[in-house]
Amino acid sequence: RIEYHPAGGGVFRVDRTKVINTRIQHSGMDMMNPGTVAANAVLKPSAWICSLHHDAVFVMSRDEDVPYHLKAVREAMYHEITYEGRTLPFPVETKAGVNWGNLKDIT
């Protein structure tokens, strides 16, 4: 079992014989917070992050800038964790639509 805690020094290994409790929401936010900051850094001035909901970042954008933002945010938020020669990717799914109920997968 491998855990990821950037604030605690990055990746560490837990012996399989140990039982530990991990707060799932907290661990997820350890990855979402830096991803959200990275996504915000690549947005054009005409776009902004309007909501962060669990593991989703919602960006408002002009229609003509949507293709740019889909690619830029996906690349900015993607990351991998490598530990003892093994790499665990954290891919980013992107969707677009005129509203929340009309999102189509673009990944």
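Further up the page is the structure itself.
Throughout, residues of each chain are indexed from 1 in the direction in which the sequence is written. Whole-chain, interface and lining totals are the exception, using all residues; otherwise, since this is a predicted model, local features are given only for residues with pLDDT of at least 70 and side-chain atom pairs are given and counted only at 80 or more. Side-chain metrics rest on all non-hydrogen atoms present in the structure, leaving aside hydrogens and water.

*Asks:* What's the story with the nonpolar core in this structure? I'm lost.
*Replies:* To form a nonpolar core, buried Ala, Val, Leu, Ile, Met, Phe, Trp, Tyr and Cys residues must be joined to one another through side-chain atoms within 4.5 Å. Burial classification: accessible surface area is computed with a 1.4 Å probe over protein chains only, and a residue below 20% of its type maximum counts as buried, one above 50% as exposed, and the rest as partly exposed. With eight residues, the main nonpolar core is built from M32, A39, L43, A47, V57, V73, M77 and V92. We count a stretch as a helix when DSSP gives it H or I for four or more residues in a row; a strand needs E for two or more, and each element gets its number in order from the N terminus. Secondary structure elements with two or more residues in this core: helix 1 (24–42) and helix 2 (66–77). By the convention used here, residues are in contact when the closest approach between their heavy atoms is within 4.5 Å. Contacts of V73, omitting those with residues within four sequence positions, involve A39, V42 and L43.

*Asks:* Whenever I open this one, the pairing of strand 5 (residues 79–83) confuses me. Can you help?
*Replies:* Side-chain positions along a regular strand alternate between the two faces of the sheet. Examined bridge by bridge, strand 5 and strand 6 (residues 86–90) share five bridges and lie antiparallel to one another. Across the sheet, the residue bridging to Y83 is R86, located in strand 6. For two strands to be treated as a pair, DSSP must find at least two bridges joining them. Connecting the antiparallel pair strand 5 and strand 6 is a turn made up of two residues, with E84 showing a positive phi of about 50°.

*Asks:* Explanation requested: the pattern of salt bridges in the structure shown.
*Replies:* Opposite charge on two side chains permits pairing when their charged atoms draw close. Put simply, a salt bridge is a Lys or Arg side-chain nitrogen that is within 4 Å of an Asp or Glu carboxyl oxygen. Here the structure, examined in full by the defined rule, presents four salt bridges. We note a salt bridge from E64 to R62, for which the minimum N-O separation is 3.3 Å. Take E64: its relative accessible area is 55%, and that puts it in the exposed class. The exposure class of R62 is partly exposed, given its relative accessible area of 43%. For the salt bridge of K71 with E75, the shortest nitrogen-to-oxygen distance reads 2.8 Å. Pair noted here: K71 and E75 are both in helix 2, with a separation of four residues, about one helical turn. Several salt bridges converge on common partners, so that one network encompasses K44, R62, E64 and D65.

Geometric descriptors of this kind do not, in isolation, establish any biological role.
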